[in-house]
Amino acid sequence: TEEEKDVKERSYHALMMFTKVDKNRSLQDKFRVAMLSLVKYGRFLEGEVLVLHFVCDQASKELGEEMLQEFLIDATFKYQVLFHDVSALTQKLFPIVESMQKHFSSGSGAYYSDAIFFLSVAMHRIMPDSLTRIVQLDLDLKYRENIREFQEFHRFPPGAVMGIAREMQPVYRHTFWQYRKENPQTKVGEPHPDGLPGFNSGVMLLDLAAMRASSLYNQLLEPEHLAQLAAQYRFRGHLGDQDFFTMIGMEHPELFYPLACGWNRQLCTWWRDHGYGDVFQLYYRCDGPVYIYHGNCNTPIPDD
Ligand code: UDP
Ligand code: MN
């Protein structure tokens, strides 16, 4: 059985959203860069397996199978590929996240199909209990370090349920505008290291066991608690899971283990040219080594 296999082999789990990829050449190119760099730097020990989970529709799955054959050829480690059907996951997810969608989705209604953008939020309720840790990764990444080294779960302080890097643009300075006006001394939306700039969901370490065990975290998923927090912070976003984590992180930072910026070095500069040029660098700067580049908002990734 799977369980017995897990005892003999140590499994590392990584999950990527992989939908509508067949219709999107640019996303295919990003996927190539991500997988080839992951394979290039990936090193695992004897008896270890990297399990790659993809959440996809049928057409993307077929294309993904084909592409992965090519991309994984030079892997020096053992791996396993699992495809999850996006509609099956959405069906499980929707009742859990429906009420949060109105706070963190664009548009007025809670579209059924948008529920999947909140997968990370409720992954601990969707995946089997035997799965205790998983890393969720965007496709627009380029790895410069062994993904095995990216297992900082053992560093989490008690109470933390996930590892996540800060957002590196002043987007939440913008989103929390009204709250910041009413609370001029607040750290909400201020830059690192003194402030709380919010989170970026391109790279996340989800401690599913800790998420299941945390009564605080699960309370925050309840519609009344969320509505209360959203009202308190005057929060209205459209970035899905990262809005949820950002908002609850303002009230309960102890739930989050902050990853070094080098593990999710975001490259998007959109907000620099849209009214925030004066403060942009305070958010964007990232000293120290870059382990993973994130070419968010379609930003090209350097070749080095
Ligand atoms: N994604 C997908 N299909 C799409 C668009 C996005 O599967 O048509 C997934 C993919 O894993 C991607 C992630 O959703 O990396 C987040 O989107 P993106 O990276 O483009 O957002 P950004 O980081 O620029 O905000
Ligand atoms: Mn991205």
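Before reading on, note that the structure itself is shown above.
In this text, all values refer to a predicted model and were calculated from it rather than measured experimentally. (Residues numbered from 1 in each chain as written. Chains lettered and ligands numbered in written order. Predicted model: local features only at pLDDT ≥ 70, side-chain atom pairs only at ≥ 80, totals over all residues. Heavy atoms only, no water.)

Chemist: Outline the overall build of the chain, listing residues and values.
Modeler: Scanning the chain for helices and strands turns up 12 helices and 10 strands. Expected size for 304 residues packed as a compact globule is a radius of gyration near 19 Å; at 19 Å, the chain falls within 12% of this value. For the C-alpha atoms alone, the extent of the chain along its principal axes is close to 55 × 40 × 40 Å. Looking at the chain residue by residue over its 304 residues, the buried ones come to 54%. Taking the intrachain contacts of the chain between residues at least 6 apart in sequence as the baseline, contacts between residues at least 24 apart amount to 80%. Total accessible area on the chain is roughly 14,500 Å²; 51% of this is exposed by carbon and sulfur atoms. Side chains of the chain carry 31 positive and 40 negative charges; the gap between the two charge centres is 3 Å. (Helix = DSSP H or I, 4+ residues; strand = E, 2+ residues; numbered from the N terminus. Rg over C-alpha atoms; globule rule 2.2 N^0.38 Å. Buried < 20%, exposed > 50% of the residue type's maximum accessible area, 1.4 Å probe, protein only. Contact = heavy atoms within 4.5 Å. Areas by Shrake-Rupley, 256 points an atom, 1.4 Å probe, with all protein chains shown as cover. Lys, Arg positive; Asp, Glu negative; His and termini not counted. Charge placed at Lys NZ, Arg CZ, Asp CG, Glu CD.)

Chemist: Would you mind going over the coordination of the manganese ion (ligand 2) in detail, with residue names and values included?
Modeler: For the manganese ion (ligand 2), the full set of protein donor atoms is Asp138 (OD), Asp140 (OD), Asp140 (OD) and His294 (NE2), and the range of their distances to it is 2.2 to 2.3 Å. Coordination at the manganese ion (ligand 2) is irregular: its six donor atoms span angles of 57 to 174 degrees at the metal. One chain supplies every donor for the manganese ion (ligand 2), spaced along it as D-x1-D-x153-H. Taken together, the residues Asp138 in the loop between strand 4 (133–137) and strand 5 (141–143) and His294 in strand 10 (residues 292–294) connect sequence positions 156 residues apart. The partly exposed category is assigned to Asp138, whose relative accessible area is 29%. Given the relative accessible area of 2%, His294 is considered buried. (Donors = N, O, S within 2.8 Å, 3.2 Å for Na, K, Ca; no water. Tetrahedral: all angles 85-135°; square planar, octahedral: opposite > 155°, others 65-115°.)

Chemist: Any chance you could break down the site of ligand 1 for me, citing the residues and the numbers?
Modeler: Close to ligand 1 lie Met17, Phe18, Thr19, Leu27, Asp138, Leu139, Asp140, His294, Asn296 and Cys297, which account for all nearby residues. In this structure, an oxygen atom belonging to ligand 1 sits 3.5 Å away from a main-chain N or O atom of Phe18. Between Thr19 and ligand 1, the recorded distance is 2.6 Å, taken from a backbone N or O atom to a nitrogen atom. Bound to the protein, ligand 1 loses 67% of the 520 Å² it would expose on its own. Here the shell around ligand 1 is built from residues that sort into five nonpolar, three polar and two charged. (Near = heavy atom within 4 Å. Polar contact = N/O pair within 3.5 Å; in protein donor to acceptor, adjacent residues only side chain to side chain. Nonpolar A, V, L, I, M, F, W, Y, C, P; charged D, E, K, R; others polar.)

Chemist: Now, about the side chain of His124: what can you tell me, with residues and values included?
Modeler: The residue His124 is located in helix 5 (residues 119–126) in this model. Those residues within four positions of His124 in sequence are excluded, and the remaining contacts are Leu208, Met211, Arg212, Tyr217, Asn218 and Leu221.

Chemist: Can you lay out helix 11 (residues 241–251) for me, pointing to particular residues and giving the numbers?
Modeler: Burial within helix 11 is extensive, with 10 of its 11 residues counted as buried. For helix 11, the complete set of buried residues consists of Asp241, Gln242, Asp243, Phe244, Phe245, Thr246, Met247, Ile248, Gly249 and Met250.

Chemist: Describe in detail the sheet that holds strand 10, supporting the description with residues and values.
Modeler: By definition, the strands of a sheet pair up through backbone hydrogen bonds, in either a parallel or an antiparallel sense. Across the sheet, which stays open at both edges, the three strands sit in the order 5-10-9 with mixed pairing between neighbours. At either end of the open sheet lies a strand with only one pairing partner, and these are strand 5 and strand 9 (265–266). Relative to strand 10, strand 5 runs antiparallel, the two sharing three bridges. Bridging from a neighbouring strand, Tyr143 pairs with Ile292 of strand 10. (Pairing = 2+ DSSP bridges.)

Chemist: Pulling in residues and values, what's your account of the state of the cysteines?
Modeler: The full count for this structure, using the stated rule, is two disulfides. With its sulfur 2.1 Å from that of its partner, Cys261 forms a disulfide with Cys286. With the S-S dihedral at roughly 90 degrees, the linkage between Cys261 and Cys286 falls on the right-handed side. Note that Cys261 is positioned in the loop between strand 8 (256–259) and strand 9 and Cys286 in the loop between helix 12 (280–284) and strand 10, a separation of 25 residues in sequence. (Disulfide = S-S within 2.5 Å.)

Chemist: Would you mind going over the environment of Ala110 in detail, with residue names and values included?
Modeler: If you trace the backbone, Ala110 turns up in the loop between helix 4 (86–104) and helix 5. Residues Ala110 and Val97, 13 residues apart in the sequence, show an inter-C-alpha distance of 9.4 Å. Not counting chain neighbours up to four residues away, the residues in contact with Ala110 comprise Phe94, Glu98 and Gln101.

Chemist: Break down the pattern of salt bridges for me, citing the residues and quoting the values.
Modeler: Note on pairing: side chains with opposite charge can pair once their charged atoms come close. In the structure shown here, the tally under the stated rule is 10 salt bridges. The residue Asp29 makes a salt bridge to Arg25 at a minimum N-O spacing of 3.7 Å. One end of the pair, Asp29, and the other, Arg25, are both in helix 2 (residues 25–41), four residues apart, so they sit about a helical turn from each other. In this structure, the salt-bridge partner of Arg155 is Glu152, at a minimum N-O distance of 3.4 Å. Taken together, the salt bridges that share partners define one network made up of Arg173, Arg180 and Glu190. (Salt bridge = Lys/Arg side-chain N within 4 Å of Asp/Glu carboxyl O.)

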